[in-house]
Amino acid sequence: MTLAGKTILMSGGSRGIGLAIALRAVADGANIAMLAKTDTPHPKLEGTIHTAAEQIRAAGGNALPIVGDVRDDDDITEAVLKTQGEFGGIDIVINNASVIDLSRSLDLNAKKYDLMQDVNVRGTFMLSRAAVPILKDAENPHILSLSPPLNPTPKWLGAHTGYTLAKFGMTLATLGLAAEFARDGIAANTLWPRTTIATAAVQNLLGGDKVMAASRTPAIYADAAYAVLLKPAGSYTGQSLIVEDVLEGEGVTDFSGYAAIPGTPDSALFPDIFLD
């Protein structure tokens, strides 16, 4: 199986992990529609939805950049209809858009709390739900959310309660959809890495150059997502998957090529949050 001719609707994707997943799918000949806000360059974030589309096209793929906000129901409806109109259907929904704020509860701005809930939880639910009627007609339909397994230990519940609620909410929404639409043959899974990934969020919010150097590249996430999206939707669903476990299941035993700094041993990599 390949993703040739498959159509992916992704939230976000202007940069980082989302763009890496898109480019991996494009190598097979997939169509990529992106619903993202970054229409003009951001001073701290590389890339826009338009530069992402250019990279996809340069790699030989079909790109449909849709400027919009996953918090806006009209934008979601427009994205679903535009994607169906452009490519004739939707095979895969990837919930990539996410907001992070690791502030402690007393320091977390109320608007930032609402933003994380709206983008991470509500956006995941609403975009997936809007696409379900079209996914039902796909040959091997998948919903994939980039969120962690549920781990309600005091360590993670208390580390950054607002953000934890938002990420666990993404996972709960996805697992709920998996159960609800299993009879329709729609797979819904989550995917999360064991180590930090070298992205703008890590650079700006999680530790700067030091943590970036001890991270893996977005390619490891993209390769794992690709493997998940090829699985039979009827049986491979309702799982909280770990990037490295997925790749090991595909026979990958050496992850050294994914180090952001070549030659960095696995033991020196920075562990991602939410995993014990």
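Here, every reference points to the structure presented above.
A.B. asks: I'm lost on the environment of Pro148 in this one. Help?
C.D. replies: Mapped onto the fold, Pro148 is located in the loop between strand S5 (142–145) and helix H5 (154–157). Sequence-wise, Pro148 and Asn109 are 39 residues apart; in three dimensions their C-alpha atoms are separated by 23 Å. When residues no more than four places from it in sequence are discounted, the contact partners of Pro148 are Lys167, Phe168, Thr171, Thr190, Trp192 and Phe274.

A.B. asks: Before we go on, may I ask you to explain the sheet that holds strand S6 (residues 187–192) in this structure?
C.D. replies: Where strands meet in a sheet, backbone hydrogen bonds hold them as pairs that are either parallel or antiparallel. Overall, parallel pairing links the seven strands, which are arranged S3-S2-S1-S4-S5-S6-S7 in an open sheet. The open sheet is flanked by strand S3 (62–67) and strand S7 (240–242), the only strands paired with a single partner. Each strand of the sheet is rotated relative to its neighbour by a mean of 20°, with strand direction disregarded. Summarising the sheet, S6 and S7 pair through three bridges and their orientation is parallel. Looking at S7, one finds that Leu191 is bridged to Leu241. Each of strand S1 (7–11), strand S4 (92–95) and S5 touches helix H4 (residues 110–135); the most contacted strand, S4, lies at about 180° to it. Here helix H6 (residues 161–180) sits on the sheet in contact with S4, S5, S6 and S7, set at roughly 150° to S6.

A.B. asks: Help me understand H4 in this model?
C.D. replies: Each α-helix winds once per 3.6 residues, and so residues spaced three or four apart point in a common direction. Between its first and last C-alpha atoms H4 spans 35 Å; for 26 residues at 1.5 Å apiece the expected length is 38 Å, and the two agree. Maximal helix bending in H4 amounts to about 40°, located at Gly123. Two to three positions downstream of the cap, the backbone nitrogen of Lys111 sits 2.7 Å from a side-chain oxygen, assigning the N-cap of H4 to Asn109.

A.B. asks: In this structure, what is going on with the nonpolar core? I would like to understand it.
C.D. replies: In summary, soluble globular proteins display a tendency toward joint burial of nonpolar side chains. Formed by 80 residues in total, the largest nonpolar core has its most connected members in Ile32, Met34 and Leu191. In terms of residues, this core owes the most to one element, helix H9 (residues 218–229), which gives nine residues. Ignoring sequence-local partners within four residues, the contact set of Ile32 consists of Ile8, Ala22, Ala25, Val26, Ile56, Asn62, Ala63, Leu64 and Phe87.

A.B. asks: How do you make sense of the pairing of strand S2 (residues 31–36) when you look at a structure like this?
C.D. replies: In summary, the side chains of a regular strand alternate between the two faces of the sheet. Among the six residues that make up S2, six are buried, leaving the element largely enclosed by the rest of the structure. Going residue by residue along S2, you find Asn31, Ala33 and Leu35 tucked away on one face and Ile32, Met34 and Ala36 tucked away on the opposite face as well. For the crossover from S1 across helix H1 (residues 16–26) to S2, the handedness is right-handed. In this fold, the crossover linking S2 to S3 by way of helix H2 (residues 49–58) has right-handed handedness.

A.B. asks: Teacher, can you tell me more about the packing of H4 against H6 here?
C.D. replies: Two numbers describe a pair of packed helices, the interaxial angle and the distance between the axes. Interaxial distance between H4 and H6 falls to 9 Å at its minimum, and their mutual angle equals 10°. Of the possible angle classes, the one that applies to H4 and H6 is roughly parallel. Here Tyr113, Met116, Gln117, Asn120, Val121, Thr124, Phe125 and Ser128 of H4 come into contact with H6, specifically with Gly162, Tyr163, Leu165, Ala166, Lys167, Gly169, Met170, Ala173, Thr174 and Leu177. Split into classes, the residues belonging to the contact of H4 with H6 amount to 10 nonpolar, seven polar and one charged.

A.B. asks: Where do I start with the packing of aromatic side chains in this structure?
C.D. replies: The relation between two aromatic rings is expressed through the spacing of the ring centres and the mutual angle of the planes. Taken as a whole and judged by the stated rule, the model has five aromatic pairs. Between Trp156 and Phe274, the ring centres sit 5.8 Å apart and the planes meet at 50°, which makes this aromatic pair tilted. Taken together, the residues span a long stretch of sequence, with Trp156 in helix H5 and Phe274 in the segment after helix H10 (243–249) at a distance of 118 residues. Residue classification places Trp156 among the buried positions, given a relative accessible area of 9%. Exposure remark for Phe274: the relative accessible area of 0% places this residue in the buried category. Ring-pair connections join several aromatic residues into one group, and the members of that group are Trp156, Tyr163, Phe168, Trp192 and Phe274. When the ring centre of Tyr226 is taken as reference, the NZ or CZ atom of Arg24 above it lies at 3.7 Å. The residue whose ring lies beneath Lys231 is Tyr236, and the NZ or CZ to ring-centre distance is 5.6 Å.

The rules behind these values
Residues numbered from 1 in each chain as written. Predicted model: local features only at pLDDT ≥ 70, side-chain atom pairs only at ≥ 80, totals over all residues. Heavy atoms only, no water. Helix = DSSP H or I, 4+ residues; strand = E, 2+ residues; numbered from the N terminus. Contact = heavy atoms within 4.5 Å. Pairing = 2+ DSSP bridges. Axes fitted to C-alpha atoms, helices over the stretch in contact; angles between N-to-C directions. Expected span 1.5 Å × (residues − 1). Bend = angle between axes of the 7 residues up to and from the residue. Polar contact = N/O pair within 3.5 Å; in protein donor to acceptor, adjacent residues only side chain to side chain. Core = buried A, V, L, I, M, F, W, Y, C linked by side-chain atoms within 4.5 Å. Buried < 20%, exposed > 50% of the residue type's maximum accessible area, 1.4 Å probe, protein only. Right-handed = clockwise from strand over helix to strand, strands pointing away. Parallel < 35°, antiparallel > 145°, perpendicular 65-115°, else oblique. Nonpolar A, V, L, I, M, F, W, Y, C, P; charged D, E, K, R; others polar. Phe/Tyr/Trp six-rings, centres within 6.5 Å; stacked < 30°, edge-to-face > 60°. Lys NZ or Arg CZ within 6 Å of the ring centre and 35° of its normal.

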